[in-house]
Amino acid sequence: MSVFKRLTTLFVPDAQADRVVPPTGFTANLTTFSAIAMGFLAVFALSLTLASGRLADRWSTELARSSTLRISAPEDQMQAQVTAALRVLETTPGVDSARALSDAEQQALLEPFFGPDLPVDELPIPQLIEINETAQGYDSTGLRLRLAAEVPGAVLDDHTRWRKPLVEAATRIRLLGWAAFLLIGGAMAAMISLAAHAALSANAQVIKVLRLVGAEDSYIAGAFVRRFTYRGFMGAGIGAGLGAVSVWLMPEAQAAGGFLTGLGFQGLHWLWPLGIPLLGGGVAFAATRAAALRKLKEMP
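Conventions and cut-offs
Residues numbered from 1 in each chain as written. Predicted model: local features only at pLDDT ≥ 70, side-chain atom pairs only at ≥ 80, totals over all residues. Heavy atoms only, no water. Pairing = 2+ DSSP bridges. Helix = DSSP H or I, 4+ residues; strand = E, 2+ residues; numbered from the N terminus. Axes fitted to C-alpha atoms, helices over the stretch in contact; angles between N-to-C directions. Core = buried A, V, L, I, M, F, W, Y, C linked by side-chain atoms within 4.5 Å. Buried < 20%, exposed > 50% of the residue type's maximum accessible area, 1.4 Å probe, protein only. Arc of directions from axis to C-beta. Contact = heavy atoms within 4.5 Å. Polar contact = N/O pair within 3.5 Å; in protein donor to acceptor, adjacent residues only side chain to side chain.

## Brief notes about the sheet that holds strand 2 (residues 95-100)
Read across the sheet, four strands follow the order 2-3-1-4 without closing on themselves; strand pairing throughout is antiparallel. Looking at the sheet topology across the chains shown, the edges are occupied by strand 2 and strand 4 (154-157). On average, each strand axis in the sheet is tilted by 20 degrees relative to the strand beside it, whichever way the strands run.

## Digging into the nonpolar core
Core analysis: the largest hydrophobic core is formed by 33 residues, its most contacted members being L200, I207, I220, F224, F228 and L296. Of all elements in the fold, only helix 3 (26-64), helix 7 (160-202), helix 8 (204-212), helix 9 (217-248) and helix 10 (275-298) reach the threshold of two or more residues within this core. One finds M78, V88, V95 and I131 within the second-largest nonpolar core, a separate group that totals 17 residues.

## Quick notes on helix 6 (residues 140-150)
Taken residue by residue, helix 6 has S140, L143 and L147 as its buried positions. The buried residues of helix 6 occupy an angular sector of 60 degrees when the element is viewed end-on, so they sit on one face. Along helix 6, the residues that are exposed and aim more than 90 degrees away from the buried face are T141, L145, A148 and A149. Among the structural elements, strand 1 (66-71), helix 4 (75-90) and strand 4 are those in contact with the buried residues of helix 6. Where helix 6 begins, one side-chain oxygen reaches toward the backbone nitrogen of T141, 3.3 Å away; that side chain belongs to D139.

Rendered as structure tokens:
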């Protein structure tokens, strides 16, 4: 029997075999509810994982392509050192562009800490130079040596100390999301196994009669597998649908909102929740089949 035919038989009703499995009751409600809950949570775990991956890539790209040069010097030497630093940067391979920030831009950077009335022109504030790198980047060690020789008051910050912790944090959140996704599948498998055990125990007498009339254990197990797989598939589909709607209602990604406003799916990532019902059905199939065959072997 081909794989496709085996899969289609899971959703083709068998009136005689389905009489073995109670269509309603505690086991049916438990299976459906657990599948809905796990499908709903799986969407959020998947959304968190994908958002963390986007965040790690964005932080890594943005911070890796920019650097800051800080120049501290007496007021009468500041302009000369800024000019010398820009000349060094213009001749440095890997530097795409460099420009000195204006007083207004530097005041905007300090405003969150000191307020809008900070007298920038009256304070000995270092001059900042924004550096944009090419895709290949530059040799930070060599640039520091050149600056130390030609611009003694310059300090280069290539954002390494900021980039690594942020990217590492986003990567760990992504791993946590995948771990949560796997735990959701394991919890669903455990709940369905318990429900299948309960259904088999409740129908012990019916199973004995079926064995007496010649029914094989594979036939009896198939009835349970078919019913519970269908419940797992439908429940996971309902839960995934509810989860996708909830994620869609969340705020869209905004620069001011940071990470908390970018947890939704983007682009083709909206296709990922479509696989959750299939995974739910697969988990239900594997869990029910294992539980049914084990329980049937234990029955006299």
